[in-house]
Amino acid sequence: MSCTASATTTRPYGVKLVCRTWEQPRSSYYASRDGTGPQLRLARPAKRGPKTGLSDAELLELIRADLTASPFQGEGHRKVWARLRVRDGVKVGRRRVLRLHAGEPPPLSHRGRRGHPNLHEGEIITQAPNLMWGTTAPGS
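One structure accompanies this document, and this report is about it. If you're wondering where the values come from, they're calculated on a predicted model, not measured in any experiment. (Residues numbered from 1 in each chain as written. Predicted model: local features only at pLDDT ≥ 70, side-chain atom pairs only at ≥ 80, totals over all residues. Heavy atoms only, no water.)

1. Regarding the overall build of the chain
Now for step 1: Looking only at helices and strands, the chain features five helices and zero strands.
Now for step 2: From first element to last, N terminus to C terminus, the chain shows the α and β order α-α-α-α-α.
Now for step 3: For the chain, the residues scored as buried account for 18% of the 140 residues in total.
Now for step 4: Residue pairs in contact within the chain that sit at least 24 positions apart in sequence constitute 48% of those at least 6 positions apart.
Now for step 5: In the form shown here, the chain has an accessible surface area of approximately 12,300 Å², with 56% of it arising from carbon and sulfur atoms. (Helix = DSSP H or I, 4+ residues; strand = E, 2+ residues; numbered from the N terminus. Buried < 20%, exposed > 50% of the residue type's maximum accessible area, 1.4 Å probe, protein only. Contact = heavy atoms within 4.5 Å. Areas by Shrake-Rupley, 256 points an atom, 1.4 Å probe, with all protein chains shown as cover.)

2. Here's the deal with the side chain of arginine 83
Now for step 1: Summarising the element assignment, arginine 83 is placed in helix α4 (residues 77–86).
Now for step 2: Of the polar contacts made by the side chain of arginine 83, one reaches the side chain of glutamate 75; its length is 2.5 Å.
Now for step 3: Setting aside chain neighbours within four positions, we find arginine 83 in contact with Asp66, Ser70, Glu75 and Asp88. (Polar contact = N/O pair within 3.5 Å; in protein donor to acceptor, adjacent residues only side chain to side chain.)

3. Looking at the packing of α4 against helix α5 (residues 94–103)
Now for step 1: For the pair α4 and α5, the least separation of the axes is 9 Å and the interaxial angle reads 125 degrees. Overall, the two elements α4 and α5 adopt an arrangement that is oblique. The two elements α4 and α5 cross, and the hand of that crossing is right-handed. Each of His77, Arg78, Val80, Trp81 and Leu84 in α4 lies in contact with α5, whose residues at this interface are Arg94, Val97, Leu98 and His101.
Now for step 2: Residue composition of the contact of α4 with α5, grouped by class: five nonpolar, two polar and two charged. (Axes fitted to C-alpha atoms, helices over the stretch in contact; angles between N-to-C directions. Parallel < 35°, antiparallel > 145°, perpendicular 65-115°, else oblique. Left-handed = near helix turned anticlockwise from the far one by under 90°. Nonpolar A, V, L, I, M, F, W, Y, C, P; charged D, E, K, R; others polar.)

4. Here's the deal with α5
Now for step 1: Regarding α5, the residues found buried are Arg96, Val97, Leu100 and His101. For α5, the angular spread of the buried residues around the axis is 130 degrees, confining them to a single face. Set apart from the buried face of α5 by more than 90 degrees, the exposed residues are Arg95 and Gly103.
Now for step 2: Buried positions along α5 lie against α3 (56–69) and α4. (Arc of directions from axis to C-beta.)

5. A word on the pattern of salt bridges
Now for step 1: For the coordinates displayed, the defined rule picks out seven salt bridges.
Now for step 2: Arginine 99 is the salt-bridge partner of aspartate 56, the closest N and O atoms lying 3.2 Å from each other. Pair noted here: aspartate 56 is in helix α3 and arginine 99 is in helix α5, with a separation of 43 residues, a long-range link.
Now for step 3: If you follow the salt bridges from partner to partner, you end up with Asp66, Glu75, Arg83, Arg87 and Asp88 in one network. (Salt bridge = Lys/Arg side-chain N within 4 Å of Asp/Glu carboxyl O.)

6. Topic: the packing of aromatic side chains
Now for step 1: Going through the model one piece at a time under the given rule, you end up with one aromatic pair.
Now for step 2: Taking 5.1 Å as the distance between ring centres and 65 degrees as the angle between the ring planes, the aromatic pair formed by tyrosine 29 and tyrosine 30 counts as edge-to-face.
Now for step 3: Judged by relative accessible area, tyrosine 29 falls into the buried class, the value being 17%.
Now for step 4: You can call tyrosine 30 partly exposed: its relative accessible area is 34%.
Now for step 5: Residue placement shows arginine 85 over the ring face of tryptophan 81; its charged tip is 4.3 Å from the ring centre. (Phe/Tyr/Trp six-rings, centres within 6.5 Å; stacked < 30°, edge-to-face > 60°. Lys NZ or Arg CZ within 6 Å of the ring centre and 35° of its normal.)

So, in structure tokens, the structure goes:
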């Protein structure tokens, strides 16, 4: 380093000045130059948090089973995530459930209507205005 000239000023700078400017100890410079210092290994950063034992395919099957068992028509990922966590004891991230829930073509929450169709014609005609009227349920 002391023999190398600066590219902008073409003047050589010493190790002491460069290390003081960079706020680095000179011992680190000499250790890295000699190869005697500890070698740094740059590890790949891993995802934080607890790791689950479920693959995406297994979790997708659990999501499908939960939506199939639900009596409601359109449910979002938050309800599915909460039921998996509380009822089934499956602890996974909410965003992972969202990714799997929304990524399936078509989205899993958009399903057809269930149950019996409404056979009511949708029109009630009264005999006269301002009269009270009522109906009886079948079997009563």
